[in-house]
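Reading the structure
Given next are the chains, with one letter for each unit.
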Amino acid sequence: MPKRKDLNSILIIGSGPIVIGQACEFDYAGSQSLRSLREDGIETILINSNPATIMTDPTMADHVYLKPLTTKSIVEILKAHPQIDAVLPTMGGQTALNLCIEADKKGIWEDFGVELIGVDIDAINITEDREQFRELMLKIGVGMAPQATATSFLKGKEIAQEFGFPLVIRASYTLGGAGASIVYKSEDFDELLSYGLEISPIHEVMIDKALMGWKEYELELLRDKNDNVVIICTIENMDPMGIHTGDSITVAPAMTLSDRTFQKMRDMAIKMMRSIGDFEGGCNVQFAVSPDEKEDIIAIEINPRVSRSSALASKATGYPIAKIATKLAIGYSLDELENQITKSTSALFEPTLDYVIVKIPRWNFDKFEGSNRTLGLQMKSVGEVMGIGRSFQEALHKATQSLEIKRNGLGADGKGYKDYDQIISKLTIPSWDRVFVIYDAIQMGIPLSRIHEITKIDMWFLKQYEELHFLEKEISKYTIASLSKDLLLEAKQKGFADRQIAHMLDCYESEVYNKRTELNINRVYKLVDTCAAEFKAMTPYYYSTFEAEIEKPDGTRYVENDSVVTDKKKIVVLGSGPNRIGQGIEFDYCCVHGVLAAAECGYETIMINCNPETVSTDFDTADKLYFEPVFWEHIYDIIRHEKPEGVIVQLGGQTALKLAEKLSKYGIKIIGTSFEALDLAEDRGSFSELLKDNNIPFPEFGVAETADEALALADKLDFPLLVRPSYVLGGQGMKIVINKEELEEHVVDLLRKIPNNKLLLDHYLDGAIEAEADAICDGEDVYIIGIMEHIEPCGIHSGDSNATLPPFNLGEFVMQQIKDHTKKIALALNTVGLINIQFAIKDDIVYIIEANPRASRTVPFIAKAYKEPYVNYATKVMLGEKKVKDFNFNPQLEGFAIKQPVFSFNKFPNVNKNLGPEMKSTGESILFIDSLKDDEFYNLYARRKMYLSK
């Protein structure tokens, strides 16, 4: 039965600002969903308060409302659009579901005659109310851990007495495991119970007997109205029970599950999905399996919505879950829809993987000094990466290379731990770097049985690690000249980077690269085709691997490569890698717009990125997607294979920018601003010379490379001093110091963390106003797209400040200086494309803090506020297709737009929440106000005094 005829206008609720536990995977789901509805000619209305995402771009929906996610906003939208027939709340994570439930309780949907599609409210209530869920599972014969519900402190104490320790406390109606904890000792119980009851919106917790050491699995399902069910993906957590799935290393397909148990798990998942209600769409089910030969299965939970894992499962399989779930919600059945990758088979099929996926979370503990870094039931990661390989070992290596934490893969880079006690401690207390520590432990000779006993990680995974260690030991016996082709090929097939092999052989990376090129050991590219090459795939979505040569009957040898190079002119866009504080979804927005603009200019577009949560890694965003680490070796091989006209680096944040030097060195054209100009802006000393030559004021400064130099400089410059390293993003390592002791301590610490860095010491302009400008420059003309004034004073990182567009109290004289400085700097740096400049204003003089000739964090915000596609324009300027004067700029904004940062401090209760020069916010929302008399503006401005009084 085709789609329903009575659904012509649908409201979609987004997930709001990015927070830990709810990130861009829901932006990806919402974007997929909007595109899916528009394909069917349905009018789409979106509410979402996040300006940084592609989802809230005006091209994504017919009507985009950048409003707070409240029932008040919902009522306003329903009044403005009486034609809305239905609401789809399953694409915006827990935020959207909670808002939908609240609107339902208030009778809003009923008042406006709006139907809920894609989910059943009863189903949400059953799965969120842990007591109801438990009763239902027992009724249908699905096993669960012994558990009970507590709605009071006293009841919780009684349950603990009955079950004994260890226990698990989970708060109802929360996301990302908020309020959840494992309690090993009775003395910790009271505090953790109180916290769980407090954080649950209905003040209820479920207390479970802890299944420590059990293995954890997830299944992603889809169901249509005819009750057809497909299992899209099985995901196994390498980490056992006790670590939130968002903080676990996960592998697809499941590796250590017997077929008998897998079939049993499938049947249980389908039974659970059918029992919770009558709805069409996606569902995520989590199970625990006992680590013995009995393989007992126990249900943990079921989420009747698109989940965090759905994005991963979609990218892992090439099956776009959110897109198909949306089609099912509007009445289609699975057999009526086509497989999006092959375009010739039905969506009523289960994907087959002839490769392995490894997802590793990305943490930012360095931003939360004093935080508890132990991984547990509350999610703490800010992003994730995914590696695709022909084996678990290759995928694991590619995932570790994607993390951007200065590691070249597992081990073989001289950065592992060597201290026995430290290794044992890190294995015992799950830490963010345990994925590397396992390798260090094996290298030290700690037996696998001991590692298994401590970590409870399945022996199969540990043996995979051990094989890598044996191979490293074997290779280390040779020199680059004596290493055999077979051994080098094996190392590459297991994912070792050239850098790691060079470390083993004590030679240069380039020597390894040259040797493998001579021996014809080259990367080949394989398609992610959902069907293990059974049908021809129409969508070019690739990963790399190494294969042995095949010999033809005539004696010629070749290696099979699925990636066919066309003779069209091509552009590569480098993505921004994993989300982290300081480099988030706003760069993904820029990359997507860059790809679309290059396509409009007639180029074949090639995207390289490794972040499974985002729209840039959707298989139909660019003409070709290489799901590969944003890591030099991988990028260089793709560029050699594709031979593009050039590479766009200024849209992918610091990740892409850091590769500019190497690209330039290897003679690869950088599209837009040259590497020399990018480097000049990054090198604080040279940049200040440029300002001096142009008579532009800047705070007094000096450059130091040692603590002694820094202390000598302090005699010339007045305290307070702002200490900043070069080539970092998100204010990493920046600090304001007020005396010599603080200065010495901070400089020594910085140079230990970032050796050989040039540190800039500025005289800090205490109490100055901070402002910033973004502009587009073509080398001749400069157009300023927006000037923002920060509500917080200078010294709070711009990413953590409330920024007002346009400025609210900078006089004409100051504004003119900002405009003049921006134009002068953009031209002096030979900028081609985007540039962001930050200013400090004191006594009516505008000083320059820094300039970044690239897309900045604020560009999407300005584009949304002024309703102008600035990244599209800037990309066309970079490509030389257009000049600044060719555009008819027409910004539209009545009143003011305020960019408001959002923090995830609730995950780190003991952390110092004071703001400073190092960025701590995880996301942002946008607030439109008509005038400065608005109460919200007044409240924000009143807080400014809190910072000024220091």
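Residues numbered from 1 in each chain as written. Predicted model: local features only at pLDDT ≥ 70, side-chain atom pairs only at ≥ 80, totals over all residues. Heavy atoms only, no water.

1. What about the sheet that holds strand β23 (residues 624-627)?
Spatial strand order, β17-β18-β23-β22-β21-β24: 6 strands in an open sheet with mixed pairing. Every interior strand has two partners, whereas the edge strands, β17 (524-527) and β24 (646-648), have only one. Averaged over all pairs of adjacent strands, the angle between strand axes in this sheet comes to 30°, irrespective of strand direction. Taken together, the 3 bridges between strand β21 (residues 570-574) and β24 define a ladder with parallel strand orientation. Following the sheet pairing, I571 is matched in β24 by G646. (Pairing = 2+ DSSP bridges. Helix = DSSP H or I, 4+ residues; strand = E, 2+ residues; numbered from the N terminus. Axes fitted to C-alpha atoms, helices over the stretch in contact; angles between N-to-C directions.)

2. Considering the sheet that holds strand β25 (residues 701-704)
Across the sheet, which stays open at both edges, the 4 strands sit in the order β25-β28-β26-β27 with antiparallel pairing between neighbours. For this open sheet the edge positions go to β25 and β27 (735-737), each flanked by a neighbour on one side alone. Ignoring which end each strand starts from, the neighbouring axes of this sheet average 25° apart. Where strand β26 (residues 721-725) meets β27, 3 bridges bridge the pair, whose relative direction is antiparallel. Residue pairing across strands places V723 opposite K735, the latter belonging to β27. Helix α25 (residues 684-693) contacts β25, β26 and β28 (759-763) of the sheet and is inclined by roughly 155° relative to β25. Lying over the sheet, helix α27 (residues 740-753) contacts β26, β27 and β28, oriented at roughly 5° with respect to β26. (Contact = heavy atoms within 4.5 Å.)

3. Concerning the environment of T566
Take T566: it is sitting in the loop between β20 (557-558) and β21. With relative accessibility at 30%, the residue T566 sits in the partly exposed group. Put simply, T566 and E604 are 38 residues apart on the chain and 8.8 Å apart in space, counted from C-alpha to C-alpha. A polar atom in the side chain of T566 sits 2.4 Å from the side chain of E604. (Buried < 20%, exposed > 50% of the residue type's maximum accessible area, 1.4 Å probe, protein only. Polar contact = N/O pair within 3.5 Å; in protein donor to acceptor, adjacent residues only side chain to side chain.)

4. Topic: the environment of M379
Counting through the fold element by element, M379 comes out in the loop between β15 (356-362) and β16 (383-389). For M379, a relative accessible area of 6% puts it in the buried group. Between the alpha carbons of M379 and Y319 there is a distance of 26 Å; along the sequence they are 60 residues apart.

5. Details of the side chain of N852
Inspection of the secondary structure puts N852 in strand β33 (residues 845-852). Taking relative accessible area as the criterion, N852 reaches 11% and is therefore assigned buried. A distance of 3.5 Å separates a polar atom in the side chain of N852 from a polar atom in the side chain of E850. Non-local contacts of N852, meaning those with residues more than four positions away in its chain, are made with L834, I835 and N836.

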